[in-house]
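Observations on the three-dimensional arrangement
Listed below, chain by chain, are the residues.
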Amino acid sequence: MMYEGIVQDLIDELGRLPGVGPKSAQRIAFHILAADPADVRRLSDTLREIKEKVRFCAICGNVAEEEQCRICRDPRRDLSSLCVVEEPKDVVAIEKTREFRGRYHVLGGAISPIDGIGPDDLRIRELFIRLSDGGITEVILATDPNLEGEATATYLARMIAPLGVAVSRLASGR
Ligand code: ZN
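Residues numbered from 1 in each chain as written. Predicted model: local features only at pLDDT ≥ 70, side-chain atom pairs only at ≥ 80, totals over all residues. Heavy atoms only, no water.

**Focus on the overall build of the chain**
Broken down by element type, the chain carries seven helices and six strands. From first element to last, N terminus to C terminus, the chain shows the α and β order α-α-α-β-β-α-β-α-β-α-β-α-β. Scaling as 2.2 N^0.38, a compact globule of 174 residues should have a C-alpha radius of gyration of about 16 Å, whereas the chain reaches 20 Å, well beyond that. If one aligns the C-alpha atoms of the chain with their principal axes, the spans along those axes are about 60 × 35 × 25 Å. Taking all 174 residues of the chain together, the buried fraction comes to 33%. Counting only contacts in the chain whose residues sit at least 6 apart along the sequence, the fraction spanning at least 24 positions is 50%. When the accessible area of the chain is evaluated, it comes to approximately 11,300 Å², of which 56% is carbon and sulfur surface. Side-chain charges in the chain split into 24 positive and 28 negative, and the spacing between the mean points of these groups amounts to 4 Å. (Helix = DSSP H or I, 4+ residues; strand = E, 2+ residues; numbered from the N terminus. Rg over C-alpha atoms; globule rule 2.2 N^0.38 Å. Buried < 20%, exposed > 50% of the residue type's maximum accessible area, 1.4 Å probe, protein only. Contact = heavy atoms within 4.5 Å. Areas by Shrake-Rupley, 256 points an atom, 1.4 Å probe, with all protein chains shown as cover. Lys, Arg positive; Asp, Glu negative; His and termini not counted. Charge placed at Lys NZ, Arg CZ, Asp CG, Glu CD.)

In structure tokens form, the structure reads like this:
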């Protein structure tokens, strides 16, 4: 079913978001149409601001509002320990546990030949630049516990081993 002009545009745009099918897109669109104008303005302001203000940390690839993210700027973090994750949301999940005091490296995804994502498409080169500095003595691979995450962890473990850096796998059911 097609709606007129801008209503259909909204449904189409929402439908392009990950995990939002045509039915959900339609439901969200009509929710927005019926919503209080102030609520919708706040949503649109946030969407615009996030593209203006938020960028990716020059060191770890996490989301940041400055050149470096809050974690990389924190002098209390352990510089010898590095936790490798797929996405910024994984940093949030691990930070919630309060068990890790080192710093992170966000790959921006996982190796997935089916989706055409290879090592060069991820921030793996940046990872090895960080490891070559010599300050990092321990790497924890916290990629997702699925096929792609395991493949990425196996690949990285094999690449990191010759550097003499201790590598472990954080296999959590996050
Ligand atoms: Zn950072």
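**Some details on helix H6 (residues 124-132)**
Those residues of H6 lying buried are Ile124, Leu127, Phe128, Arg130 and Leu131. The buried residues of H6 all sit within an arc of 155 degrees when viewed along its axis, so they share a single face. For H6, the exposed residues set more than 90 degrees away from the buried face come down to Arg125 and Ser132. Contacts made by the buried residues of H6 are with strand S3 (81-85), strand S4 (103-106), strand S5 (138-141) and helix H7 (147-160). (Arc of directions from axis to C-beta.)

**With respect to the coordination of the zinc ion**
Protein coordination of the zinc ion is provided by Cys57 (SG), Cys60 (SG), Cys69 (SG) and Cys72 (SG), with donor distances spanning 2.3 to 2.4 Å. The site at the zinc ion holds four donor atoms, and with the angles between them running 104 to 118 degrees, its shape is tetrahedral. The sequence pattern describing where the donors of the zinc ion fall on their chain is C-x2-C-x8-C-x2-C. Cys69 sits in the buried class, given a relative accessible area of 2%. (Donors = N, O, S within 2.8 Å, 3.2 Å for Na, K, Ca; no water. Tetrahedral: all angles 85-135°; square planar, octahedral: opposite > 155°, others 65-115°.)

**Overview of the sheet that holds S4**
In spatial order, the strands read S4-S3-S5-S6; together these four strands make up an open sheet with parallel pairing. The open sheet has two free edges, formed respectively by S4 and strand S6 (166-169), since each of these has just one partner strand. Within this sheet the neighbouring strands show an average axis-to-axis angle of 25 degrees, counted without direction. Judged from the four bridges that link them, S3 and S4 form a sheet pairing that is parallel. When the sheet's bridge partners are listed, Cys83 is paired in S4 with Tyr104. Seen against the sheet, helix H5 (residues 88-97) touches S3 and S4 and runs at an angle of roughly 155 degrees to S4. Against the sheet, H6 contacts S3, S4 and S5, and its axis sits at roughly 150 degrees relative to S4. (Pairing = 2+ DSSP bridges. Axes fitted to C-alpha atoms, helices over the stretch in contact; angles between N-to-C directions.)

**Details of the side chain of Arg77**
Turning to its location among the elements, Arg77 is positioned in the loop between helix H4 (70-73) and S3. Among the residues examined, Arg77 registers a relative accessible area of 6% and is labelled buried. Of note is the side chain of Arg77, whose polar atom sits 3.3 Å from the backbone oxygen of Phe100. Every residue in contact with Arg77, bar those within four places of it in the chain, is listed here: Ile71, Glu95, Phe100, Arg101, Gly102, Arg103 and Tyr104. (Polar contact = N/O pair within 3.5 Å; in protein donor to acceptor, adjacent residues only side chain to side chain.)

**A few points about the pairing of S6**
When S5 meets S6, the two strands line up parallel, connected through four bridges. Paired with Leu141 across the strands is Arg169, a residue of S6. At this point the chain moves from S5, through H7, to the parallel S6, and the crossover so formed is right-handed. (Right-handed = clockwise from strand over helix to strand, strands pointing away.)

**Regarding the layout of surface pockets**
Considering only enclosed or pocket space, the largest pocket measures out at about 520 Å³ in volume. For the largest pocket, the lining is made up of 23 residues, of which Asn62, Val63, Cys69, Arg70 and Ile71 are closest to its centre. If you list the elements that add at least two residues to the lining of the largest pocket, you get helix H3 (37-53), strand S2 (63-64), H4 and H5. By residue number, the principal contributor to the lining of the largest pocket is H5, which donates five residues. Lining the second largest pocket, in full, are Leu10, Glu13, Leu14, Leu17, Ile28, His31, Ile32, Ala35, Asp39, Val40, Leu43 and Leu47. Going through the elements one at a time, helix H1 (5-15), helix H2 (22-34) and H3 are the ones with two or more residues in the lining of the second largest pocket. It is H3 that contributes the most residues to the lining of the second largest pocket, four residues altogether. In the lining of the second largest pocket, the residues fall into nine nonpolar, one polar and two charged. (1 Å grid on protein atoms, 1.4 Å probe; cavity = no way out; pocket = protein on both sides within 12 Å on 5 of 7 lines; lining within 4 Å. Points joined across faces, edges and corners; volume = space filled by probe spheres on them. Nonpolar A, V, L, I, M, F, W, Y, C, P; charged D, E, K, R; others polar.)

Purely geometric stuff here, so don't read any function into it on its own.
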